[in-house]
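Summary of structural features
Here is what each chain is made of, one letter per residue.
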Amino acid sequence: MSIDLETAARVARLARIRVDADALPALAQEFNTILGFIEQLNEVDVEGVAPMTSVTPMRLKRRADVVTDGNCQGAILSNAPDAREGFFVVPKVVE
Amino acid sequence: MSMTDLNTLTIAEARDALRRGEVTSLDLTEACLAAIEGAGALGAFVHVTADLARDQARAADARIAAGDAPAMCGIPLGIKDLFCTRGVPSQAASRILQGFRPEYESTVTQNLFDAGAVMLGKLNMDEFAMGSSNETSCYGAAVNPWRRGNDATPLTPGGSSGGSASAVAADLCLAATGTDTGGSIRQPAAFAGITGIKPTYGRCSRWGIVAFASSLDQAGPMTKSVRDAAIMLGAMCGHDPKDSTSADLPVPDFEALLTGDIRGKVIGIPREYRMDGMPAEIEALWSEGAAMLRDAGAEIRDISLPHTKYALPAYYVIAPAEASSNLARYDGVRYGHRAKLAPGDGITEMYEKTRAEGFGPEVQRRVMVGTYVLSAGFYDAYYNRARRVRTLIKRDFEEVFAAGVDAILTPATPSAAFGLGEMAEADPVQMYLNDVFTVTVNLAGLPGIAVPAGLDRQGLPLGLQLIGRPWEEGDLLNTAHVLEDAAGFVAKPAKWW
């Protein structure tokens, strides 16, 4: 499996990380090194082995479906790069 | 005891002195703050919280005077920058969390504060805990207080909890918190000649700790002795309803379990950890460690963990996959950095520019690898296969424990601390190999502890790792305590900073 420039660009786009075109060859090369290392997993016989979902056998706890927290708008917005009138502000999304 | 070297005390020594009224927490705290002040060259502390520390120390002194003093009361600690601490910069050593001051306190730090502990400040680390040398930090690398004899080459304190290791080894604090996803407590502990334990997955709440790979991350103490690790671990862990993977189990008095008696215990020596090219000194130290435990009455047994060699490749699928999901939240909307936008830029440009500016190269690499292995068409081939291999790695351990093995002894790292910048030309996989002995433990969710056991011929510390059964940190700490006693490691780095 070899990552070409087009795949590297697609992965960067999926990850929402801007990568300049001139940085793509080095990035693709690094992906290939890492994926080459990962290829070893193909040597393992995993027939009939379930993928691990929880490292410790545990049943996730349930609780009553009630509000336990809230009324902290100021605290939630306090670290926002841009917040106005009680909202997070982002560039226009809908025309 | 001199009032100027109070920062060199262990937790146990300080606790006993506090209870006898020989020192105050404020004395201890001032000694540490002075040590931090003079240790800028180590790059260990990245945000010092001196005022908060003094307030907490005064409160602890009042509590001790009132006779209400848990073991950690009044003990000055360093806190890894990965822990969210209310009102104090908590940025996981990343530019993308520049300026972030949490409105809440992580459960682990809250537990420590409830026990009366004092926070001196935040400690350097690899960005988002992704690294083995502390060189991916946005603050610049932390430096190991140890040097190769008279050679002034700056060495890595390891990673990702490199600031924690450096600070404890240099006596800037009595102990520190760390976190461990693939070895990030144990490898730096070994590189800096201190003790570090990663408890069983679920022992410590992950709530309020910046997430890297949620199925692997665990917090733990980094300390000057095994006894201190037992004391501090007890204060850090416990059930937390805010973390759905937190174990609802009683926390034993770990210190009380340090009996020093390991007669009849079975210690496994896994043949797969004998790597090609392993330095002879590490091989020799490993054999000496086994002999020490045998002399203390344990049975040493050769064992096999056949899937060991697949642990690192499985880790480098699972951890990046989880990281790509966890780090999706850094989008420039709710906290931290937002890129300056050009006219006409929309929300996608905002995300892409913010993440390109905010994440360093290693974090970007791992997020993208994770994105790739989770993408349509590759999910089964990479992610599901890695999770199947993880099942087999855990089964290897279950089988040796079922056969009567109580703990497993291995080297902690494949080398002593290396020079900062020495791995700059290596490909990323070479750096990943640092975790070869530690990463299996995270994949299997087990407790593991690194104990300093000797010096190499250059005068650098080397550690041994003990791996325990799930939830039996007490037994593991007891075995580690015996190893510590027998190894008699008392060396300290000569002060140059």
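Right above here is the structure, for reference.
Residues numbered from 1 in each chain as written. Chains lettered and ligands numbered in written order. Predicted model: local features only at pLDDT ≥ 70, side-chain atom pairs only at ≥ 80, totals over all residues. Heavy atoms only, no water.

1. Brief notes about the overall build of chain A
When its secondary structure is counted, chain A shows 3 helices and 2 strands. Overall, chain A shows an N-to-C arrangement of helices and strands of α-α-α-β-β. In terms of C-alpha radius of gyration, chain A reaches 22 Å, well past the compact-globule figure of 12 Å for 95 residues. Counting over 95 residues, chain A shows a buried share of 31%. Within the structure as shown, chain A displays about 6,800 Å² of accessible surface, and the carbon and sulfur contribution to it stands at 51%. Looking at chain A, you have 10 positive and 14 negative side-chain charges, and the mean spots of the two groups are 12 Å apart. (Helix = DSSP H or I, 4+ residues; strand = E, 2+ residues; numbered from the N terminus. Rg over C-alpha atoms; globule rule 2.2 N^0.38 Å. Buried < 20%, exposed > 50% of the residue type's maximum accessible area, 1.4 Å probe, protein only. Areas by Shrake-Rupley, 256 points an atom, 1.4 Å probe, with all protein chains shown as cover. Lys, Arg positive; Asp, Glu negative; His and termini not counted. Charge placed at Lys NZ, Arg CZ, Asp CG, Glu CD.)

2. Let's talk about the overall build of chain B
A count of helical and extended segments in chain B gives 15 helices and 11 strands. A compact globule built from 497 residues would reach a C-alpha radius of gyration of about 23 Å, and chain B, at 21 Å, matches this within 12%. For chain B, the C-alpha atoms occupy an extent of roughly 65 × 50 × 50 Å along the three principal directions. Long-range contacts, defined here as pairs at least 24 residues apart, represent 77% of the contacts in chain B between residues at least 6 apart. (Contact = heavy atoms within 4.5 Å.)

3. Quick notes on the interface of chain A and chain B
With 51 residues of chain A in contact, the opposing surface of chain B contributes 68 residues. A buried area of about 5,100 Å², summed over both sides, lies between chain A and chain B, and 69% of it is on carbon and sulfur atoms. The largest per-residue losses of area from chain A upon contact with chain B belong to R18, L41 and M52 of chain A, which jointly make up 13% of the total buried on that side. At the junction of chain A and chain B, the tally comes to 4 salt bridges. With a closest N to O distance of 3.4 Å, K309 of chain B and E43 of chain A form a salt bridge. Inspection of the region where chain A meets chain B yields 19 residue pairs in polar contact (both at pLDDT 80 or more). For the side of chain A that touches chain B, the secondary-structure elements that each account for two or more residues are α1 (5-14) and α2 (24-38) of chain A. For the side of chain A that touches chain B, the element with the most residues is α2 of chain A, which contributes 8 residues. Looking at the side of chain A that touches chain B residue by residue, the classes come out as 33 nonpolar, 8 polar and 10 charged. (Buried area = accessible area lost by both parts, 1.4 Å probe. Salt bridge = Lys/Arg side-chain N within 4 Å of Asp/Glu carboxyl O. Polar contact = N/O pair within 3.5 Å; in protein donor to acceptor, adjacent residues only side chain to side chain. Nonpolar A, V, L, I, M, F, W, Y, C, P; charged D, E, K, R; others polar.)

4. Some points on the environment of L174 of chain B
For L174 of chain B, the location among the structural elements is in the loop between α5 (162-169) and β4 (175-180). When the C-alpha atoms of L174 of chain B and A92 of chain B are compared, they prove to be 22 Å apart, with 82 residues separating the residues in sequence.

5. Quick notes on the layout of surface pockets
Volume-wise, the largest pocket comes out at about 740 Å³. Considering the residues around the largest pocket, the lining is formed by 31 residues, among which C84, F100, Y104, W207 and G208 of chain B are closest to the centre. Where the lining of the largest pocket is concerned, the elements lending two or more residues are α3 (73-77) of chain A together with β6 (218-223) of chain B. Looking at the lining of the largest pocket, its residues break down into 17 nonpolar, 6 polar and 8 charged. The calculated volume of the second largest pocket comes to roughly 440 Å³. Taken together, 25 residues form the lining of the second largest pocket, with T10, K224, S225, F489 and V490 of chain B sitting closest to its centre. Those elements giving two or more residues to the lining of the second largest pocket turn out to be α1 (11-19), α5, α7 (226-236) and α15 (473-487) of chain B. Residues belonging to the lining of the second largest pocket are distributed by class as follows: 11 nonpolar, 7 polar and 7 charged. (1 Å grid on protein atoms, 1.4 Å probe; cavity = no way out; pocket = protein on both sides within 12 Å on 5 of 7 lines; lining within 4 Å. Points joined across faces, edges and corners; volume = space filled by probe spheres on them.)

6. Examining the environment of A175 of chain B
Residue and element names in this part refer to chain B. By the element assignment, A175 lies in strand β4. A residue is classified by how much of its surface remains accessible, and A175, at 0% relative accessible area, is buried. Residues A175 and D295 lie 120 residues apart in sequence; the distance between their C-alpha atoms is 30 Å. Excluding its chain neighbours within four sequence positions, the residues that come into contact with A175 are I11, P76, L77, G78, V168, M222, T223 and M232.

7. Digging into empty space enclosed by the protein
Residues and elements named next belong to chain B. A complete count under the given rule lists 3 cavities of 30 Å³ or more for this structure. Volume-wise, the largest cavity comes out at about 50 Å³. Lining of the largest cavity is provided by A129, M130, G131, T181, G182, G183, S184, F212, Y315, Y316, R366 and D435. Taken together, the residues that form the lining of the largest cavity break down as 5 nonpolar, 5 polar and 2 charged.

8. Some details on the pairing of β6 of chain B
Residues and elements named next belong to chain B. The buried fraction of β6 amounts to 6 of the 6 residues, a majority that puts the element mostly inside the structure. Summarising the sheet, β4 and β6 pair through 5 bridges and their orientation is antiparallel. Looking across to β6, one finds that D180 is bridged to Q218. (Pairing = 2+ DSSP bridges.)

9. Side note on the sheet that holds strand β3 (residues 118-123) of chain B
All names here are of chain B. The strand order β1-β3-β2-β4-β6-β5-β10-β11-β9-β7-β8 describes an open sheet built from 11 strands, whose pairing is mixed. In the strand order of this sheet, the two ends are held by β1 (45-48) and β8 (299-303), each with one partner. Direction aside, the axes of adjacent strands within the sheet are offset by 30 degrees on average. Sheet analysis places strand β5 (residues 195-198) next to β6, joined by 2 bridges and oriented antiparallel. Within β6, the position partnered with T195 by the bridge is T223. Against the sheet, helix α12 (residues 379-402) contacts β8, β9 (407-411) and β11 (461-468), and its axis sits at roughly 125 degrees relative to β9. (Axes fitted to C-alpha atoms, helices over the stretch in contact; angles between N-to-C directions.)

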